[in-house]
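Chain by chain, the residues:
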Amino acid sequence: MKFLLVFAVVLIGFYVWRSSREGRRAPPPASPGSAAAKPKAAIDMVQCAHCGIHCPGTDAVTGKDGRRYCTAQHRLDAEH
Ligand SMILES: [Zn+2]
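Colleague: Any chance you could explain the coordination of the zinc ion here in plain terms?
Modeller: Metal coordination angles in their ideal form are 109.5 degrees for the four-donor tetrahedron and 90 or 180 degrees for the six-donor octahedron. In the first shell of the zinc ion, the protein supplies Cys48 (SG), Cys51 (SG), Cys70 (SG) and His74 (ND1), at 1.9 to 2.3 Å from the metal. In this structure, the zinc ion is surrounded by four donor atoms whose angles at the metal cover 97 to 122 degrees, and the resulting shape is tetrahedral. Positions of the donor residues of the zinc ion, expressed as sequence spacing, correspond to C-x2-C-x18-C-x3-H. Placement of Cys48 in the loop between β1 (45-47) and β2 (54-56) and of Cys70 in the loop between β4 (68-69) and α3 (72-79) is noted, with a sequence separation of 22 residues between them. Residue classification places Cys48 among the buried positions, given a relative accessible area of 4%. Note on Cys70: relative accessible area 17%, which makes it buried.

Colleague: Is there a simple way to think about the nonpolar core in this case?
Modeller: Core analysis: the largest hydrophobic core is formed by six residues, namely Val46, Cys48, Cys55, Ala60, Tyr69 and Cys70. Discounting residues that sit within four places of it in the chain, Cys70 has contacts with Cys48, Cys51, Ile53, Cys55 and Asp59.

Colleague: For this particular structure, what's the right way to read the pattern of salt bridges?
Modeller: Think of it this way: side chains of opposite charge can pair up when their charged atoms draw near. Tallying each qualifying case throughout the model produces three salt bridges. For Arg67, the salt bridge goes to Asp65, with nearest N and O atoms at 3.6 Å. Here Glu79 ties to Arg75 by a salt bridge, and the two come within 3.3 Å at their closest N and O atoms. Here the residue Glu79 and the residue Arg75 both occupy positions in helix α3, the gap between them amounting to four residues, near one helical turn.

Colleague: Explain the confidence of the model for the protein chain here, please?
Modeller: The predicted coordinates of low-pLDDT regions are not to be read in fine detail. Taken residue by residue, the protein chain gives an average pLDDT of 83. The fraction at 70 or more is 79%. Averaged pLDDT values for the elements of the protein chain fall to 56 in helix α2 (residues 27-40) and rise to 96 in β4.

Conventions adopted
- Residues numbered from 1 in each chain as written.
- Predicted model: local features only at pLDDT ≥ 70, side-chain atom pairs only at ≥ 80, totals over all residues.
- Heavy atoms only, no water.
- Donors = N, O, S within 2.8 Å, 3.2 Å for Na, K, Ca; no water.
- Tetrahedral: all angles 85-135°; square planar, octahedral: opposite > 155°, others 65-115°.
- Helix = DSSP H or I, 4+ residues; strand = E, 2+ residues; numbered from the N terminus.
- Buried < 20%, exposed > 50% of the residue type's maximum accessible area, 1.4 Å probe, protein only.
- Core = buried A, V, L, I, M, F, W, Y, C linked by side-chain atoms within 4.5 Å.
- Contact = heavy atoms within 4.5 Å.
- Salt bridge = Lys/Arg side-chain N within 4 Å of Asp/Glu carboxyl O.
- pLDDT = per-residue confidence, 0-100.

Given below as structure tokens:
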């Protein structure tokens, strides 16, 4: 009877240890994964067709021929 009690305690202890390990292991892969995913979302850089400088694609000005310029002034300088 004493053996059954010890066996039950060991089983419960093993179950608690396993569930606490799984609970601890689950969050870390999620947080570094999402933290690493955000810096990878890089901004598209484009080269100015007039002066050659690189600027973010969101700030670039597109000319008539599809060329990208860093500023509207450089687009005017290149097209006129
Ligand atoms: Zn430019």
